[in-house]
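Descriptive analysis of the structure
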Amino acid sequence: MADLVVTLNAGSSSVKFALFAAEADWPRLIVSGAVEGLGAKPRFRVDVVEGEGSETKLAGKLTYRQAIAAIFTWIEEAYPAAAISAIGHRVVHGGLRFAAPVIVDAETLAALREFIPLAPLHQPHNIAGIEGAREAFPHVPQVACFDTAFHRGHDFVDDAYALPYSYYERGLRRFGFHGLSYEYIARRLRMIDPIHAEGGVIVAHLGNGASLCALKGGRSIASTMGFSALEGLPMGTRCGQIDPGLLLYLLQSDGMTPKKLSKLLYERSGLLGLSGVSHDMRALEASQEPRAQAAIAYFIHRIKMEIAALATVIGGLDALVFTAGIGERSARVRAGVVEGLGWLGLTLDRTANARNDSLISAPQSRIPVFVTPTDEEAMIARHTIETAGLSDAAR
Ligand code: AMP
């Protein structure tokens, strides 16, 4: 029987988990689920690939630690501890040190804690997941898979800020995020369109968090996210590109504290801040409010600008891929982006786009445009299997 691997992915208001069988060519999903709505009305959802799913409402608010404990209790009841061979964790920040997945020991865990100030919204939850898993399954290897690792090979010009060089040496660099998603998409594209996958590709990961990644030959060359997950595109509640002079102004003239500024930039800005309606693209698309429509227009505008900039970095575009919640399901955002980039050689097939087809460019389009669901969980499982040395393929 194949080894079983659990993956854990703590997001901003949910903890996702999945159980995979470690098969040689690619992990096979058995069960996925999540504790969602942590802050307000938590619920425990389980989707069984071959069987019945379920959804249970949980009482009151839940902390991350409680959500993680609930997940491990469920797994232990459904699958005896002895059956679990490894647990893989999505960890947002690996700093300069981790350019590949790693088996977590006490020293690694201490190093991961040092990155908390670099990703204050996510890293503490990721670490809570690892600690909870070590308690529940003390003899099972825990593998940390980093969102920054895929981007660690960037050239100096795509890695540095123009601060004094000593800041670069200290590690104040453009790390980039969403790496597990981009790595998965790069692999998928090699199967879908192996010829274009070898060229210059831009992937638009457009979800609550949003960024773009420029790939060449399947490797990350540049990304719109930088030192933190605030840079680049506007997001659900994050500001994206901003003039640092404006931040100085807020600190100096508005008497803002760093804490208030952080809340403003991470939680009150982006689509929510601009629209005053919602952080959620579905709600904005349904809204009659002019500001909701202006927020969508701003989002599309910034995506077009950044695609053009990244196309320059990789010396021209051979394919564009949309992924994540908005990228996979918002025909309106995709149409705005693709039709606004006609000059670059993109032509939209409106019917295919309205259907969320996997290929949404017209036959005459010089550059193909794909819609591809991302699967960070499968990528974590794959890394976990390889790093823990479980599959025949990894030996
Ligand atoms: P993610 O973070 O990848 O789960 O993506 C969440 C974002 O995807 C939210 O802004 C959702 O409103 C958006 N989204 C999900 N489904 C749709 C849809 N059918 N149309 C437009 N946006 C959607």
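Relevant structure appears above.
If you're wondering where the values come from, they're calculated on a predicted model, not measured in any experiment.

Structural notes on the overall build of the chain
- Along the backbone of the chain there are 16 helices and 13 strands.
- A compact globule built from 395 residues should have a C-alpha radius of gyration of about 21 Å, and the chain, at 21 Å, falls within 12% of that.
- Projected onto the principal axes, the alpha-carbon positions of the chain cover approximately 55 × 55 × 45 Å.
- Put simply, the chain has 395 residues, and 53% of those count as buried.
- In the chain, the share of contacts with a sequence separation of at least 24, taken over all contacts with a separation of at least 6, comes to 61%.
- Working note: accessible area of the chain is about 17500 Å², and carbon and sulfur atoms make up 54% of it.
- Taking the average place of the 38 positive charges on the side chains of the chain and the average place of its 41 negative ones, the gap between the two points comes to 5 Å.

Side note on the sheet that holds strand 9 (residues 200-206)
- Ordered in space as 11-10-9-12-13, the five strands form an open sheet in which the pairing is mixed. Bordering the open sheet on either side are strand 11 (219-223) and strand 13 (369-371), each of which pairs with just one other strand. Averaged over neighbouring strand pairs, the angle between their axes works out to 25° when direction is ignored.
- Bridge count between strand 9 and strand 10 (residues 210-216): seven bridges; the pairing is antiparallel. Looking across to strand 10, one finds that Val 201 is bridged to Leu 215.

Brief notes about the packing of helix 1 (residues 64-78) against helix 3 (residues 123-136)
- The N-to-C vectors of helix 1 and helix 3 enclose an angle of 40°; their axes lie 9 Å apart at closest approach. Taken together, the axes of helix 1 and helix 3 are oblique relative to one another. Both helix 1 and helix 3 take part in a crossing whose hand is right-handed. Packed against helix 1, whose contacting residues are Tyr 64, Arg 65, Ile 68, Phe 72 and Glu 76, the element helix 3 presents His 125, Ala 128, Gly 129, Glu 131, Gly 132, Ala 133, Glu 135 and Ala 136 at the interface.

Focus: the sheet that holds strand 2 (residues 15-21)
- Strand order across the open sheet formed by eight strands is 5-4-3-2-1-6-8-7, with mixed pairing between neighbours. The outermost strands of the open sheet, each flanked by one partner alone, are strand 5 (54-57) and strand 7 (102-103).
- Taken together, the four bridges between strand 4 (residues 43-48) and strand 5 define a ladder with antiparallel strand orientation. Paired with Arg 45 across the two strands is Glu 55, which belongs to strand 5.
- Taken strand by strand, helix 3 contacts strand 1 (4-10), strand 6 (84-91) and strand 8 (142-146), and its axis lies near 165° from that of strand 6.
- The sheet strands contacting helix 16 (residues 376-387) are strand 1, strand 2, strand 6, strand 7 and strand 8, and the helix crosses strand 1 at an angle near 130°.

As for the site of the ligand
- The ligand sits among Gly 207, Asn 208, Asp 280, Met 281, Arg 282, Glu 285, Ala 324, Gly 325, Ile 326, Arg 329 and Ser 330.
- One of the backbone nitrogen or oxygen atoms of Met 281 is found 3.0 Å away from an oxygen atom of the ligand.
- Arg 329 has a polar side-chain atom sitting 3.2 Å from a nitrogen atom of the ligand.
- Coverage of the ligand by the protein amounts to 75% of the 510 Å² it exposes when considered alone.
- Elements with a contribution of two residues or more to the shell around the ligand: helix 11 (281-286) and helix 13 (324-329).
- Of the residues contributing to the shell around the ligand, the split by class is three nonpolar, four polar and four charged.

Some points on the environment of Tyr 298
- Among the structural elements, Tyr 298 can be located in helix 12 (residues 290-313).
- For the pair Tyr 298 and Leu 233, spaced 65 residues apart in the sequence, the C-alpha separation amounts to 9.6 Å.
- Residue contacts for Tyr 298: discarding those within four places in its chain leaves Pro 234 and Leu 274.

Details of the pattern of salt bridges
- Under the criterion given, the structure shown has 19 salt bridges.
- Between Glu 36 and Arg 43 there is a salt bridge, and its shortest N-O distance comes to 3.5 Å.
- The class for Arg 43 is partly exposed, based on a relative accessible area of 29%.
- Here Arg 329 ties to Glu 328 by a salt bridge, and the two come within 3.8 Å at their closest N and O atoms.
- Residue classification places Glu 328 among the buried residues on the basis of a relative accessible area of 15%.
- Where salt bridges share partners, they join Glu 36, Arg 43, Arg 45 and Asp 47 into one cluster.

With respect to the pairing of strand 4
- Here strand 3 (residues 28-36) pairs with strand 4 via six bridges, running antiparallel. Opposite Val 35, over in strand 4, you have Phe 44 as the bridge partner.
- Here strand 3 folds back onto strand 4 in antiparallel fashion, the turn holding six residues, of which Gly 37 has a positive phi close to 65°.
- In sequence, strand 4 turns back onto strand 5 through a hairpin of five residues.

Reading the values: rules and limits
Residues numbered from 1 in each chain as written. Predicted model: local features only at pLDDT ≥ 70, side-chain atom pairs only at ≥ 80, totals over all residues. Heavy atoms only, no water. Helix = DSSP H or I, 4+ residues; strand = E, 2+ residues; numbered from the N terminus. Rg over C-alpha atoms; globule rule 2.2 N^0.38 Å. Buried < 20%, exposed > 50% of the residue type's maximum accessible area, 1.4 Å probe, protein only. Contact = heavy atoms within 4.5 Å. Areas by Shrake-Rupley, 256 points an atom, 1.4 Å probe, with all protein chains shown as cover. Lys, Arg positive; Asp, Glu negative; His and termini not counted. Charge placed at Lys NZ, Arg CZ, Asp CG, Glu CD. Pairing = 2+ DSSP bridges. Axes fitted to C-alpha atoms, helices over the stretch in contact; angles between N-to-C directions. Parallel < 35°, antiparallel > 145°, perpendicular 65-115°, else oblique. Left-handed = near helix turned anticlockwise from the far one by under 90°. Near = heavy atom within 4 Å. Polar contact = N/O pair within 3.5 Å; in protein donor to acceptor, adjacent residues only side chain to side chain. Nonpolar A, V, L, I, M, F, W, Y, C, P; charged D, E, K, R; others polar. Salt bridge = Lys/Arg side-chain N within 4 Å of Asp/Glu carboxyl O.

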